[in-house]
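Next come the chains, spelled out residue by residue.
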Amino acid sequence: MNVHIISDMEGVAGIVRPEQTLGGHEMYDEGRKLYTEEINAAVRGAKAAGAKEIVVMDHHGAGKGWSFNSLVPDLLDPACEFVVQSTWTQYTEFLEAGCDACLLVGMHAMAGTPDGVLNHTVSGREWFNLRFNGVPVGESAINAAMCGNWDCPVLLVTGDEAACREAEALLGDGLTSVAVKKGIGSRAARNLTPILAREVIEEGARNALKDLKAVEPYDPGRPAEIEVDFMHTGEIEKYRGRSGVEITGTRSIVVRAEDWWTAWRSLFLEPSLP
């Protein structure tokens, strides 16, 4: 069994402040350690469930040289390998080769979720709303859609209660979700202790992998339409003239394609034109 673990920082127990997630801040070192140990818990659970190959991919943009490289390599469980990518959703080789399941660790809720700790979608400074075929979505949906493009289901989501609720609504009752904290606004939470959080994540990963058919691979629909509303009017300039991107408002764009992955590549992975 091959298992992909895709991780983010904001949904980790004990992380409630932006400074714990941004490279260069004094509190970031604490956040990195908390983050890595929750990833390790998922690795242990996957290994106990029979996973033979486990690949971890950090999708947290911490800024500076830490973006997509926030975990602490020296602390990682040796049962996994890890990927350092240059941009989010760049690495797909493991999925293309055939992956049985994905576990999402440390997820946060979409922008505008009142009880979502550090809630945002892709970029808290740039993106306001994201919709797949008219459905408002967050980052769990992006990861699930990427995995689903290669028929890989997301079986586990960990994070705060809001992130778990969002993922359950998207992926259905078969999803295993593990809430490690409850939001009290966007920058406060009631947390499980890190030790307990790791225990329940390990158990959740082990249980989730008992049934690889519990969740269908996620497909937002075909043909696919991705809409983005930005915070500011200037953001659309990055997309003006880009193939497949239509500017629909003073701070809104839409991308249409036959399938989600093609649309996403046009939106997110194609270099901006000068």
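See above for the structure.
Moving on, we get to the overall build of the protein chain. Helix and strand counts for the protein chain come out as six helices and 12 strands. In terms of overall dimensions, the protein chain is globule-like: its C-alpha atoms have a radius of gyration of 18 Å, near the 19 Å expected for 274 residues. Over its C-alpha atoms, taken along the principal directions, the protein chain stretches across nearly 50 × 40 × 30 Å. Counting across all 274 residues of the protein chain, residues that qualify as buried make up 53%. A separation of at least 24 residues holds for 70% of the contacts in the protein chain among residues at least 6 apart in sequence. When the accessible surface of the protein chain is summed, it comes to about 11,700 Å², and 48% of that surface belongs to carbon and sulfur atoms. Taking the 25 positively charged and 40 negatively charged side chains of the protein chain as two groups, their mean positions are separated by 4 Å.

All chains considered together, the criterion is met by one cavity of 30 Å³ or more. By volume, the largest cavity amounts to about 40 Å³. Forming the boundary of the largest cavity are A145, G148, N149, Y218, D219, P220, R222, D259, W260 and W261. Only α3 (139–148) and α6 (260–269) provide two or more residues apiece to the lining of the largest cavity. Its residues assigned to classes, the lining of the largest cavity shows five nonpolar, two polar and three charged.

The next point concerns the nonpolar core. Judged by nonpolar contacts, the single largest core of 84 residues is most densely connected at I5, F132, I226, W260 and L267. Looking at which element gives the most residues to this core, the answer is helix α1 (residues 28–48), with eight residues.

A separate point is the packing of α1 against helix α5 (residues 194–208). Contact geometry for α1 and α5: axes closest at 7 Å, N-to-C directions at 30°. Here α1 lies roughly parallel to α5, going by the angle between them. Note on packing geometry: the crossing formed by α1 with α5 is right-handed. The residues of α5 that touch α1, namely those facing L34, E37, E38, A41, A42, R44, G45, A46 and A48, are P194, A197, R198, I201, E202, A205 and R206. A class-by-class count of the residues in the contact of α1 with α5 yields nine nonpolar, one polar and six charged.

Quick look at the layout of surface pockets now. Considered as a void within the structure, the largest pocket measures approximately 1,000 Å³ in volume. Lining the largest pocket are 36 residues, and of these H120, V122, S123, G124 and R125 sit closest to its centre. Per element, the largest residue contribution to the lining of the largest pocket is three residues, and it comes from α6. Tallied by class, the residues present in the lining of the largest pocket amount to 14 nonpolar, 13 polar and nine charged.

Spatially, seven strands are ordered β3-β2-β1-β4-β7-β8-β9 in an open sheet, and the strand pairing comes out mixed. The open sheet has two edge strands, β3 (81–83) and β9 (189–191), and neither has a second partner. Going across the sheet, the axis of each strand differs from the next one's by a mean of 25°, ignoring polarity. As defined by bridge partners, strand β8 (residues 176–183) adjoins β9 across three bridges and the pair is classed as antiparallel. Along β9, the bridge assignment pairs K181 with N191. Its contacts with the sheet put helix α4 (residues 161–171) on β4 (101–107), β7 (154–160) and β8, and the angle it makes with β7 is roughly 155°.

What counts, and where the lines are drawn
Residues numbered from 1 in each chain as written. Predicted model: local features only at pLDDT ≥ 70, side-chain atom pairs only at ≥ 80, totals over all residues. Heavy atoms only, no water. Helix = DSSP H or I, 4+ residues; strand = E, 2+ residues; numbered from the N terminus. Rg over C-alpha atoms; globule rule 2.2 N^0.38 Å. Buried < 20%, exposed > 50% of the residue type's maximum accessible area, 1.4 Å probe, protein only. Contact = heavy atoms within 4.5 Å. Areas by Shrake-Rupley, 256 points an atom, 1.4 Å probe, with all protein chains shown as cover. Lys, Arg positive; Asp, Glu negative; His and termini not counted. Charge placed at Lys NZ, Arg CZ, Asp CG, Glu CD. 1 Å grid on protein atoms, 1.4 Å probe; cavity = no way out; pocket = protein on both sides within 12 Å on 5 of 7 lines; lining within 4 Å. Points joined across faces, edges and corners; volume = space filled by probe spheres on them. Nonpolar A, V, L, I, M, F, W, Y, C, P; charged D, E, K, R; others polar. Core = buried A, V, L, I, M, F, W, Y, C linked by side-chain atoms within 4.5 Å. Axes fitted to C-alpha atoms, helices over the stretch in contact; angles between N-to-C directions. Parallel < 35°, antiparallel > 145°, perpendicular 65-115°, else oblique. Left-handed = near helix turned anticlockwise from the far one by under 90°. Pairing = 2+ DSSP bridges.

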